Each structure stands twice: as structure tokens, then as C-alpha cells.
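A structural walkthrough
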Amino acid sequence: MIVAPSVLSLDYSDTKKQLDELKKSKATWLHFDVMDGHFVKNLSFGPHVLTTLKKDLDLFIDVHIMVDNPWLFQQIFIEAGADGITFHLEACKDDDDCFKLIKEIKKKGKKVGLSIKPNTKVSSVKKFIKDLDLVLIMSVEPGFGGQSFIEESIDKIKELKKLIEQSGSSALIEVDGGINEETGLRCKNAGADVLVAGSYIFNNDIVKAVETLC
Ligand code: DX5
Ligand code: ZN
């Protein structure tokens, strides 16, 4: 299991110590939530924060853009050092816009992911599945850390797993929101490959919490 701690929940008054703990943990990805105050009702970080955090870390930088203008922000965060960009299907103007954006991110040599909100059907990613490196199932409404896991996400993971197998796609399944030891295990059993966790990791012993999700 790939574990991607979400720095939305990092204690920024204690950054160095928490990053040192992360380095000791089994996490291989770092999840970076970008929010624009429009697509979701919250603001998070700009590119400088990513560049600074990344300096001393040997982790895959997994950037999740929850923004109305994914074209603008994919560019900004790739320049800042993202290894992968995941944007929202709901933020695309139409299918063509989504296909073009997938192509653009790949052209820059980065991994590309497509995310769907809790009320968006898994079948809506079908037409894009072969072109994707990752599909992100949001298991809470995007915007805030610390929310409870939405149960229906388990069935969505199973459905997505089938879709990926049937289409011969190599896309990973990532799950984000309300992940802890118990919900993480259920996502793993349903077919998830990557677990994002913010509050569960940073509000506990970081090394131990990551271990329980592996
Ligand atoms: C929410 C973000 C998540 C968030 C998860 O919109 O996409 O990555 O950090 O936080 P927890 O793990 O606390 O639910
Ligand atoms: Zn996220």
C-alpha cells in the first residue's frame, strides 16, 4: 500500500520535527492539497510552500488541485516541483477539455490523476481511464481535513477496480478523506492502491500511524 500523508494537517509550528518523523516512516508519497476558495470553500497553499517543503524530502509529490482553473494551477505546481497532478473531473468544461489537460500534464513528463467528488459516478471516468495514471476517489466532500469517511466510497472503489481491470488500464486507485486504520483497511480490501491521510497521521505518532496504513 502506498501511503500519502496530507500536509493539510501538518502542524506548521513544528514543521521540521514532523517532516523528520515522516522521513523515518514508510510513507513514499506526500499529498499536497491546493484549494482556491472557489471550487471548494477553503484556501490552502501556494507553490512556494511546496518548493520549500520538498527541498529536503525524497518523496513523490502528489498534488491534488481542488480549483476552478486546473489549467492555470497544473502549470504553477509542476514548475514548483510536483511529480503528479490530480485534477477534478467536475472542474473540466467538457470531455474534450479533460482529455486535453490529461495530455498536457503527461507531455510535461508528470503523472496524471483524475478525481471525483462523492456525488460523481465512477462510470464518468470510464472514457478517460486508459489515459490515466491514477483515479482519486474522494471519500469526503473536498475542502477540509478531519471529516468522517463516506461509506458509499467502498462500493465506488470496488466498481472502479472492476472498470480498471476490464479496460486493461494501469491506473492506481487513490482514496482521500476520513482515512484511519479501520477505514484504510476496508479501502485496501476493496482494491485501493494509495491511501491519503491527514489528521489521522499528523494528530498521532506519525511513524506508527503510517505503519498501520501500509
Ligand atoms: C480534503 C483533502 C484531503 C484532506 C484529508 O479536501 O483533499 O487530502 O487532507 O484529510 P483527512 O485525512 O483528515 O480526512
Ligand atoms: Zn487531497
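Model, not experiment: these values are computed from the prediction.

**Describing the packing of aromatic side chains**
In the structure shown here, the tally under the stated rule is 5 aromatic pairs. Between the aromatic rings of F32 and F77, the centroid separation amounts to 6.1 Å while the plane-to-plane angle is 50°, which identifies the pairing as tilted. Here the residue F32 occupies a position in strand 2 (residues 29-35), and F77 occupies one in helix 3 (residues 70-80), the gap between them amounting to 45 residues. Just as F32 is buried, F77 falls in that class too. Through a chain of ring-to-ring contacts, three or more aromatic side chains come together here, namely Y12, F32, F45 and F77.

**Describing the layout of surface pockets**
Of the volumes computed, that of the largest pocket is approximately 290 Å³. Its residues assigned to classes, the lining of the largest pocket shows 12 nonpolar, 13 polar and 3 charged.

**A look at the nonpolar core**
Taken as a class, soluble globular proteins show a tendency for nonpolar side chains to be buried jointly. Grouped together as the largest cluster of nonpolar side chains are 62 residues, with contacts concentrated most on V63, F87, L160 and I201. Per element, the largest residue contribution to this core is 5 residues, and it comes from helix 5 (residues 153-167). With near-sequence residues (within four places) excluded, I201 lies in contact with V3, P5, I206, A209, V210 and L213. Ranked by size, the runner-up nonpolar core spans 9 residues in total, among them A4, W29, F60 and V194.

**Brief notes about the pattern of salt bridges**
This model, assessed by the stated rule, comprises 11 salt bridges. The closest approach of N and O atoms between K26 and E211, which form a salt bridge, is 2.9 Å. In this pair, K26 is assigned in the loop between helix 1 (15-24) and strand 2 and E211 in helix 8 (residues 206-213), connecting sequence segments 185 residues apart. Judged by its relative accessible area of 49%, K26 falls in the partly exposed class. Notably, a salt bridge pairs K127 with D95, separated by 3.2 Å at the nearest N-O pair. Here K127 is found in the loop between strand 5 (111-116) and strand 6 (134-138), whereas its partner D95 is found in helix 4 (residues 95-107), with 32 residues between them in sequence. Under the relative-accessibility criterion, D95 is labelled partly exposed at 34%. It is possible to trace a salt-bridge network through shared partners that takes in K16, D20, K23 and D56.

**Focus on the site of ligand 1**
Around ligand 1 sit 20 residues in total, of which S6, D33, G143, D176 and S199 are the nearest. Between G146 and ligand 1, the recorded distance is 2.8 Å, taken from a backbone N or O atom to an oxygen atom. D176 has a polar side-chain atom sitting 2.7 Å from an oxygen atom of ligand 1. Considering ligand 1 on its own, with 380 Å² of exposed area, one finds that the protein chains cover 99% of that surface. The site holding ligand 1 turns out to be the largest pocket. For the shell around ligand 1, the secondary structure elements donating two or more residues are strand 2, strand 3 (60-66) and strand 8 (194-197).

Basis of the calculations
- Residues numbered from 1 in each chain as written.
- Chains lettered and ligands numbered in written order.
- Predicted model: local features only at pLDDT ≥ 70, side-chain atom pairs only at ≥ 80, totals over all residues.
- Heavy atoms only, no water.
- Phe/Tyr/Trp six-rings, centres within 6.5 Å; stacked < 30°, edge-to-face > 60°.
- Helix = DSSP H or I, 4+ residues; strand = E, 2+ residues; numbered from the N terminus.
- Buried < 20%, exposed > 50% of the residue type's maximum accessible area, 1.4 Å probe, protein only.
- 1 Å grid on protein atoms, 1.4 Å probe; cavity = no way out; pocket = protein on both sides within 12 Å on 5 of 7 lines; lining within 4 Å.
- Points joined across faces, edges and corners; volume = space filled by probe spheres on them.
- Nonpolar A, V, L, I, M, F, W, Y, C, P; charged D, E, K, R; others polar.
- Core = buried A, V, L, I, M, F, W, Y, C linked by side-chain atoms within 4.5 Å.
- Contact = heavy atoms within 4.5 Å.
- Salt bridge = Lys/Arg side-chain N within 4 Å of Asp/Glu carboxyl O.
- Near = heavy atom within 4 Å.
- Polar contact = N/O pair within 3.5 Å; in protein donor to acceptor, adjacent residues only side chain to side chain.
- Areas by Shrake-Rupley, 256 points an atom, 1.4 Å probe, with all protein chains shown as cover.
- Sits in = over half its atoms within 2 Å of the grid points.

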